[in-house]
Protein chains: 2
Amino acid sequence: MQPDKQAVKAYLMDLQDRICQELAEEDGGAGFVEDSWQREAGGGGRTRVLDNGVVIEKGGVNFSHVFGGELPASATAHRPELAGRSFEAMGVSLVIHPKNPYVPTSHANVRFFIAEKEGEDPVWWFGGGYDLTPYYGNREDCVFWHQTAKQACDPFGDDIYPRFKKWCDEYFYLKHRDEARGVGGLFFDDFNELGFEQSFAFMRAVGDSYTKAYRPIMAARKEVAFGERERDFQLYRRGRYVEFNLVFDRGTLFGLQTGGRTESILMSLPPMVRWEYNWNPEPGSPEAELTEAFLPHQDWVK
Amino acid sequence: MQPDKQAVKAYLMDLQDRICQELAEEDGGAGFVEDSWQREAGGGGRTRVLDNGVVIEKGGVNFSHVFGGELPASATAHRPELAGRSFEAMGVSLVIHPKNPYVPTSHANVRFFIAEKEGEDPVWWFGGGYDLTPYYGNREDCVFWHQTAKQACDPFGDDIYPRFKKWCDEYFYLKHRDEARGVGGLFFDDFNELGFEQSFAFMRAVGDSYTKAYRPIMAARKEVAFGERERDFQLYRRGRYVEFNLVFDRGTLFGLQTGGRTESILMSLPPMVRWEYNWNPEPGSPEAELTEAFLPHQDWVK
């Protein structure tokens, strides 16, 4: 079966709508504001931002669909089969930074790439996943998050969840800190092994399960009382998020280097962040527990 | 004349002392705290941090001297003449983030690199410079900063200041924002064209002139009254500083990728930062003046 680009695009735009609606409901504040933009070289997007909500301090849910007549040389250097092809890339990408340090930050992304040439089969794949970044670890939340991810994967094969959970652990890793960004989830790329129909179904299963995994955690933790200590720790830990996104995240770097829309790409950065030289939490504190008990890679679902 | 590594090291350690003393004096608070560290693969450093001073919100002045038996492959890929050589790298690197948004952030660095092999001439060079990042532009300060830089350069040739001023403009540039990081200063690397003695003298002239260029600006602006509006703008602009250092700065990335001491490398990051989606200053405001009148590259010294 030939890839149905229009069906993927329709799904992604609808997914953006549904995610924004669910998160805005759980937030209970003013909701998302949309900013549509065009890309000179082809395509554009709908950036939706929730700023200073009740639960969400800053959240961005971005849909984009970009295309071009020819892939840049950087993109084809390691994939000579793509040279001379036109391409389309579309996806939904989101990051939610809550105010309350007891509500974890979450990130999700689903995307589709296709490169075409007349008279030849298209080259295409799906990618995506989601991952959770708590400030104060909660075992119940981590298990629920991973169970929801696993349930989304299981209909597509027993190996899917373990493979993409491991890939997520490896991808969201700060080498210079020797530390995971968070407690992981799913990450996949270059995915076409099930053929178009089933690969697309898998991407939808991941996309649809994000709010199922995140909203109950938001709901459960948004009322937990917190003070300056927790807030300080959250701002400090957000520094790690910035370090990962600007130093390691391939999507961010590729976007910035290839003239993507900077404000939509850097929408992922937290609203307020602090760095402190050589700061370390007190041994035995809940802050130390994050790095000791939650960030080390582990099997959350047995 | 053969390079005198010991003389360079002694100069750099003394320079760190003198810079810390001058900045602590101008700050008027508790001064710098030293943290000595060793590098497993060879060498170490003295990191000095001034946290929460009277004028300086966070300042770091780092001396390091690292060495190894063989350069990493990444370092010799573009410089095959260095393969199989032992190396030493030493330098002083500093960033000062003031509290008052009317006092610019400043950065300075001087460094020496040498790669040796028995029976062959050593390969060596100096590098360094300094640059200024104002939040609220002040023409007088920019001119004074560049005049001081030019005076340091002039004894070494008429072309030195224009060349290294231009290199600084080009280096400290955020391509994804199409915007300079600040108002520039000096930047040089691979510098050995004057022979060891004069090249070393030039590096000293740059190192010695940093406090001459920065301290009077600190002194002149540290008492200017400011409110929440200026502070908000400062935190917002500091986001650009983080973006540059984590996405573009070669020293930062090289350090993080090659197992440098993370806390000393990221000492350059501001203490508190904010990002806001698609924020733009009001036309005609002092905040807009920064990007309109100060950041565009220009000749500050006629």
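Data block above holds the structure.
(A) Layout of the pairing of strand β4 (residues 86–98) of chain B. Residue and element names in this part refer to chain B. Along β4, ten of the 13 residues are buried, which leaves the element largely enclosed by surrounding structure. Relative to strand β5 (residues 105–116), β4 is paired through eleven bridges, and the arrangement is antiparallel. In the strand pairing of β5, L94 is matched with A108. Linking β4 to β5, which pair antiparallel, is a turn of six residues.

(B) Molecular detail of helix α1 (residues 5–27) of chain B. Residues and elements named next belong to chain B. Along its 23 residues, α1 runs 33 Å from first to last C-alpha, staying within 8% of the 33 Å computed at 1.5 Å per residue. Within the sequence span of α1, burial applies to V8, Y11, L12, L15, Q16, I19, C20, L23, A24, E26 and D27. Against the buried residues of α1 lie β2 (43–51), β3 (56–68), β4, β5, β6 (123–133) and α5 (195–221). Once α1 finishes, G28 follows within two positions and takes phi at roughly 80°, a positive value.

(C) Structural detail: the packing of helix α6 (residues 228–248) of chain B against helix α7 (residues 250–257) of chain B. Residues and elements named next belong to chain B. Following both chains from N to C, one finds α6 and α7 inclined at 55°, their axes separated by 6 Å at the closest point. With respect to their mutual orientation, α6 and α7 come out oblique. Two secondary-structure elements touch here, α6 through N245, L246, V247 and F248 and α7 through R250, T252 and L253. Per-class residue counts for the contact of α6 with α7 are four nonpolar, two polar and one charged.

(D) Focus on the sheet that holds strand β2 (residues 43–51) of chain A. All names here are of chain A. Ordered by their spatial adjacency, seven strands build an open sheet running β1-β2-β3-β4-β5-β6-β9, and the pairing between neighbours is antiparallel. Each edge of the open sheet is held by one strand with a lone partner, namely β1 (33–38) and β9 (184–191). Sheet twist, expressed as the mean angle between neighbouring strand axes with direction ignored, is 5°. Of the strand pairs in this sheet, strand β6 (residues 123–133) and β9 are connected by six bridges, and their pairing is antiparallel. Its bridge partner being in β9, G128 is matched across the sheet by F188. Running over the sheet, helix α3 (residues 139–153) touches β5 (105–116), β6 and β9 and is turned about 30° from β9.

What counts and how
- Residues numbered from 1 in each chain as written.
- Chains lettered and ligands numbered in written order.
- Predicted model: local features only at pLDDT ≥ 70, side-chain atom pairs only at ≥ 80, totals over all residues.
- Heavy atoms only, no water.
- Buried < 20%, exposed > 50% of the residue type's maximum accessible area, 1.4 Å probe, protein only.
- Helix = DSSP H or I, 4+ residues; strand = E, 2+ residues; numbered from the N terminus.
- Pairing = 2+ DSSP bridges.
- Expected span 1.5 Å × (residues − 1).
- Contact = heavy atoms within 4.5 Å.
- Axes fitted to C-alpha atoms, helices over the stretch in contact; angles between N-to-C directions.
- Parallel < 35°, antiparallel > 145°, perpendicular 65-115°, else oblique.
- Nonpolar A, V, L, I, M, F, W, Y, C, P; charged D, E, K, R; others polar.

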